[in-house]
Amino acid sequence: MGEKIYNTMKQAGALNVTLGIVSLAVGVASGILLIIHGAKLLKRKGDVLI
């Protein structure tokens, strides 16, 4: 009985670590893309006519 609970907790922990790593990677990648495109917008700020 105790071994089933241990295995379930181990799988849940592994899933949490995996999802944490994936979300961290996606967050870093999207942050880098936002910075790059923001810099491009600032670079061409003078071309905008409002």
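Cut-offs applied
- Residues numbered from 1 in each chain as written.
- Predicted model: local features only at pLDDT ≥ 70, side-chain atom pairs only at ≥ 80, totals over all residues.
- Heavy atoms only, no water.
- Helix = DSSP H or I, 4+ residues; strand = E, 2+ residues; numbered from the N terminus.
- Rg over C-alpha atoms; globule rule 2.2 N^0.38 Å.
- Buried < 20%, exposed > 50% of the residue type's maximum accessible area, 1.4 Å probe, protein only.
- Areas by Shrake-Rupley, 256 points an atom, 1.4 Å probe, with all protein chains shown as cover.
- UniProt positions renumbered as here; feature names shortened; annotations may be inferred.
- Salt bridge = Lys/Arg side-chain N within 4 Å of Asp/Glu carboxyl O.

(A) Here's a closer look at the overall build of the chain. Scanning the chain from N- to C-terminus turns up one helix and zero strands. Compactness check: the chain gives a C-alpha radius of gyration of 22 Å against a globular reference of 10 Å for 50 residues, more than 25% above the reference. Taking the principal axes of the C-alpha coordinates as reference, the chain spans close to 70 × 15 × 5 Å. Counting over 50 residues, the chain shows a buried share of 0%. Carbon and sulfur atoms make up 73% of the accessible area of the chain, which amounts to about 4900 Å² in all.

(B) Structural detail: the UniProt feature "transmembrane region" (unreviewed entry) in the chain. Within this structure's numbering, the places UniProt gives as "transmembrane region" (unreviewed entry) are residues 12-36. In this annotation, residues 12-36 is assigned 100% helix and 0% strand; the end-to-end C-alpha distance for the span is 36 Å.

(C) Main features of the environment of Val28. Tracing the backbone through its elements, the reader meets Val28 in helix H1 (residues 2-43). As for Val28 and Ala14, which are separated by 14 residues in sequence, their C-alpha atoms are 21 Å apart.

(D) Molecular detail of the pattern of salt bridges. Scanning the entire structure with this criterion turns up one salt bridge. Close ionic contact of Asp47 with Arg44 constitutes a salt bridge, the shortest N to O distance being 3.3 Å. Judged by relative accessible area, Arg44 falls into the exposed class, the value being 54%.

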